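Here are the chains, one letter per residue:
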Amino acid sequence: MAKAKATVHGAVSLVNAIANQKGATLGIELKVEVTVETSPGKGIVIESDNKTLSSRLINKTVEKIISKKDLEQNKISIKLDSEIPTGYGLKSSSAISSAVALACAKIFKPKFTDQQILLVGVDASIESKVSITGAYDDACSCYYGGFNVTDNAKKRRIHFEKGPTNMIAVIFIPKNRKRGNLKNLKILSTVFENAWELARKANYWEAMTINGLATASILNSDPKIITSLIEKGALAASVSGNGPAIAAIVKKENESNIKKIFAALEGRVIVSKVNNKKAEVHEV
């Protein structure tokens, strides 16, 4: 009998990685907690209030860390608590796969490095078809916090630094979950490449807003919302991931102005601080 609990946070997009396999993200404080417990028996049991969760992703992650022999000899119970809405572009699957990998590694592969744990989640995301690129950019900000600019094809962090703690992310979760055709993001690959270069040079807010205008025009959001958010004091605003959530980075004093813009739309608003905390795991 062994038990481990891991905590991993969410993130928002600065540059979408689908067009060029190069992305940039920023950690936020919304979190996922995963408790993994072993007991006599066999099989993987998942307990969660979230019905839209990908059990395929969780099973795939577990199987990449725990050997067939150990899975034959242990029942693996996984309890999941998540503050991150699923399927809106707020990196819930990266946070969940990293947390599951981290808790399983604590029990079965204690010598695993951060990079090995990250790559388990990334590979499981591709194999379970939860992500097109494996979302290495998302996984980095969920796992390490702060700003992360990555080359997803090479699975490398190109630039990273802590995020500003005096900022908050005001996130709009639309009622309508419709997204546009993700393949069309490639039409604007040069725009995303330019945005990524800006992020690499730490011009994060400019990168995020360019990304926001480009993704909104392709993924069924209204680019005018991005402009209105900037006008009302957001430092940057963008569709997060493949949407449909929209995130605005603001100073605390501008929070109510930003909320007013979102109030005219159908959906709800979540406010989250920027996160610089690395993923944590401990035995319970």
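Residue positions are given per chain, counted from 1 along the sequence in the order it is written. Per-residue local features of the predicted model are confined to residues with pLDDT of at least 70, and side-chain atom pairs are confined, for both listing and counting, to 80 or more; whole-chain, interface and lining totals are unaffected and use all residues. Derived side-chain values reflect all non-hydrogen atoms in the structure, with water molecules and hydrogen atoms excluded from consideration.

S.K.: It is not clear to me how helix α4 (residues 114-127) should be interpreted in this structure. Could you clarify?
M.R.: Every α-helical turn comprises 3.6 residues, leaving residues that sit three or four positions apart pointing alike. The end-to-end C-alpha distance of α4 is 20 Å, a good match for the 20 Å that 14 residues give at a rise of 1.5 Å each. All of the buried residues in α4 are I117, L118, V120, G121, V122, A124 and S125. Contact between two residues is taken to exist if any of their heavy atoms lie within 4.5 Å; hydrogens are not considered. Each helix corresponds to a stretch of at least 4 residues labelled H or I by DSSP, and each strand to a stretch of at least 2 residues labelled E; elements are numbered beginning at the N terminus. Along its buried surface, α4 packs onto α1 (55-65), α3 (92-108) and α5 (136-144). Just downstream of α4, K129 is the residue with a positive phi angle, here 60°. Residue count minus one, scaled by 1.5 Å, sets the expected span of a helix. Relative accessibility thresholds used throughout: buried, under 20% of the residue-type maximum; exposed, over 50%; partly exposed, between the two (1.4 Å probe, protein chains only).

S.K.: Hey, could you run me through the pairing of strand β2 (residues 22-40) in this one?
M.R.: The two faces of the sheet receive side chains in turn, since in a regular strand these alternate between them. When DSSP finds two or more bridges between a pair of strands, those strands are recorded as paired. Note: strand β1 (residues 3-15) against β2, twelve bridges, orientation antiparallel. What sits directly across from K5, in β2, is T35. In this structure, the hairpin formed by β1 and β2 is closed by a connection of six residues, where Q21 is found at a positive phi of approximately 60°. Inspection of the sheet shows β2 paired to strand β5 (residues 147-151) by five bridges, in the antiparallel sense. Directly across from T25, in β5, lies its bridge partner N148.

S.K.: What is the right way to read the UniProt feature "domain: GHMP kinase C-terminal" (unreviewed entry) in the protein from this model?
M.R.: Summarizing the sequence annotation, UniProt attributes the feature "domain: GHMP kinase C-terminal" (unreviewed entry) to residues 224-259 in the numbering used throughout. In this annotation, residues 224-259 is assigned 36% helix and 28% strand; the end-to-end C-alpha distance for the span is 15 Å. UniProt positions are given in the numbering used here, feature names are shortened, and annotations may be inferred rather than shown by experiment.

S.K.: Mind showing me how you'd approach the UniProt feature "binding site: ATP" (unreviewed entry) in the protein here?
M.R.: The UniProt feature table records "binding site: ATP" (unreviewed entry) at P85, T86, G87, Y88, G89, L90, K91, S92, S93, S94 and A95. Here T86 lies in the loop between β4 (74-82) and α3. Relative accessible area serves as the criterion here: at 17%, T86 is assigned to the buried category. Inspection of the secondary structure assignment puts G87 in the loop between β4 and α3. For G87, a relative accessible area of 28% translates into the label partly exposed. Look past the residues within four positions of G87 in its chain and what remains in contact with it is S92, R177, R179, G243 and P244.

S.K.: Help me understand the side chain of N275 in this model?
M.R.: Turning to its location among the elements, N275 is positioned in the loop between β10 (267-273) and β11 (280-283). Separated by 3.0 Å, the side chain of N275 and the backbone nitrogen of K277 make a polar contact. Setting aside its immediate chain neighbours within four residues, N275 contacts H9, G27, I28, E29, G145 and G146. Under the rule applied, a polar contact is a pair of N or O atoms within 3.5 Å (in protein, one hydrogen donor and one hydrogen acceptor; residues adjacent in sequence only if both atoms are side-chain atoms).

S.K.: Is there a simple way to explain the pairing of β1 in this structure?
M.R.: Summarising burial for β1: eleven of the 13 residues are buried, a large majority. Pairing analysis gives four bridges linking β1 to β11, with the strands arranged antiparallel. Within β11, the position partnered with K5 by the bridge is H282.

S.K.: How do you make sense of the packing of helix α7 (residues 204-218) against helix α8 (residues 223-231) when you look at a structure like this?
M.R.: When two helices pack together, their arrangement is captured by the angle between the axes and the distance separating the axes. Closest axis-to-axis distance for the α7/α8 pair is 8 Å, and the angle between their directions is 155°. The angle between the axes of α7 and α8 places the two elements in the roughly antiparallel class. In this structure, α7 contributes T209, G212, L213, A216 and S217 to the contact, and α8 contributes P223, I226, T227 and I230. In this analysis, axes come from line fits to C-alpha atoms, helices being fitted only over the stretch in contact, and the angle between any two N-to-C directions falls in the range 0 to 180 degrees. With respect to orientation, any angle under 35 degrees is reported as roughly parallel, any angle over 145 as roughly antiparallel, any angle of 65 to 115 as roughly perpendicular, and every other angle as oblique.

S.K.: Looking at this model, I keep getting lost on the sheet that holds strand β7 (residues 167-174). Mind explaining?
M.R.: Strand pairing in a sheet relies on backbone hydrogen bonds. The paired strands run either parallel or antiparallel. Taken in spatial order, the four strands line up as β8-β9-β7-β10 in an open sheet, and their pairing is antiparallel. Looking at the sheet topology across the chains shown, the edges are occupied by β8 (236-239) and β10. Strand-to-strand, the axes of this sheet are offset by a mean angle of 20°, without reference to chain direction. Bridging between β8 and strand β9 (residues 246-251) involves four bridges; their strand directions are antiparallel. The partner of V239 across the bridge, within β9, is I246. Each of β8 and β9 touches α7; the most contacted strand, β8, lies at about 35° to it.

S.K.: Any chance you could explain the packing of α3 against α4 here in plain terms?
M.R.: Their axes nearest at 8 Å, the elements α3 and α4 cross at an angle of 130°. The angle between α3 and α4 places the two elements in the oblique class. Classified by chirality, the crossing of α4 by α3 is right-handed. Touching S97, S98, A101, L102 and A105 of α3 are I117, L118, V120, G121 and S125, all from α4. We call a crossing left-handed when the near helix sits turned anticlockwise from the far one by less than a right angle, and right-handed when that turn is clockwise.

S.K.: What should I look at first to understand the nonpolar core in this one?
M.R.: The tendency in soluble globular proteins is for nonpolar side chains to be buried side by side. Of all hydrophobic cores here, the largest spans 65 residues; its most connected members are V34, I78 and I171. Structurally, this core is a two-domain feature, drawing no fewer than three residues from each of domain 1 (2-163 + 276-283) and domain 2 (167-273). Setting aside residues up to four positions removed in sequence, I78 forms contacts with V34, T35, V36, I44, V45, I46, E47, I58, V62 and V100. Side-chain atoms within 4.5 Å link the members of a nonpolar core, which is a set of buried Ala, Val, Leu, Ile, Met, Phe, Trp, Tyr and Cys residues. Judged by nonpolar contacts, the second largest core, of 16 residues, contains V170, L229, V239 and V250. Domain boundaries shown here were taken from an automatic or database domain assignment.

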